[in-house]
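Each chain is listed here by its residues.
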Amino acid sequence: MAEIKVGLEGENAPAAAEALLEIPGISGSYEVPTQKEGTLAAIATIIGIVGGAVALAEQIRKWYQE
């Protein structure tokens, strides 16, 4: 599987990236790049997805809504 990179912006970006990677079936890491102009961002890199795609998609949808 190719890596999937997700860019997140906002004051809760690091917490959101951490929550994304805590979803069962997703493995990866995240980093907080150097801030520019007061923008807080995080980049999550998903390196593995295990399990049923439909169930995982539902969990990601719930994460996104939160």
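Cut-offs and rules
- Residues numbered from 1 in each chain as written.
- Predicted model: local features only at pLDDT ≥ 70, side-chain atom pairs only at ≥ 80, totals over all residues.
- Heavy atoms only, no water.
- Helix = DSSP H or I, 4+ residues; strand = E, 2+ residues; numbered from the N terminus.
- Buried < 20%, exposed > 50% of the residue type's maximum accessible area, 1.4 Å probe, protein only.
- Core = buried A, V, L, I, M, F, W, Y, C linked by side-chain atoms within 4.5 Å.
- Salt bridge = Lys/Arg side-chain N within 4 Å of Asp/Glu carboxyl O.
- Pairing = 2+ DSSP bridges.
- Axes fitted to C-alpha atoms, helices over the stretch in contact; angles between N-to-C directions.
- Contact = heavy atoms within 4.5 Å.
- Arc of directions from axis to C-beta.

### Quick word on the overall build of the protein
- Tallying secondary structure elements over the protein gives two helices and three strands in all.
- Each helix and strand of the protein, ordered N terminal to C terminal, gives the series β-α-β-β-α.
- Taking the principal axes of the C-alpha coordinates as reference, the protein spans close to 40 × 25 × 15 Å.
- Out of the 66 residues in the protein, the part that is buried amounts to 24%.

### Some details on the nonpolar core
- Counting residues in hydrophobic clusters, the biggest one holds 12 residues: Leu8, Ala13, Ala17, Leu20, Leu21, Ile23, Ile26, Ala42, Ala44, Ile46, Leu56 and Trp63.
- Elements with a minimum of two residues in this core: α1 (13–21), β3 (41–49) and α2 (53–65).
- Considering every element that reaches this core, the biggest residue donor is α1, with four residues.

### Quick notes on the pattern of salt bridges
- Inspection of the entire model under this criterion finds one salt bridge.
- We note a salt bridge from Arg61 to Glu58, for which the minimum N-O separation is 2.6 Å. Of this pair, Arg61 and Glu58 both sit in helix α2, three residues apart, which is roughly one turn of that helix.
- Classification of Arg61 as partly exposed rests on a relative accessible area of 38%.
- Assessed through its relative accessible area of 31%, Glu58 is described here as partly exposed.

### Digging into the sheet that holds β3
- The antiparallel open sheet is built from three strands, whose spatial order is β1-β3-β2. Two strands in the sheet have a free side with no partner beyond their single neighbour: β1 (4–9) and β2 (26–31). When the angles between neighbouring strand axes are averaged without regard to direction, this sheet yields 25°.
- The strands that α1 touches are β1, β2 and β3; relative to β3, the one it contacts most, it runs at about 5°.

### Quick notes on α1
- Taken residue by residue, α1 has Ala13, Pro14, Ala17, Leu20 and Leu21 as its buried positions. Along the long axis of α1, the arc covered by the buried residues comes to 120°, so they all point the same way.
- Structurally, α1 contributes buried residues whose contacts are with β1, β2, β3 and α2.

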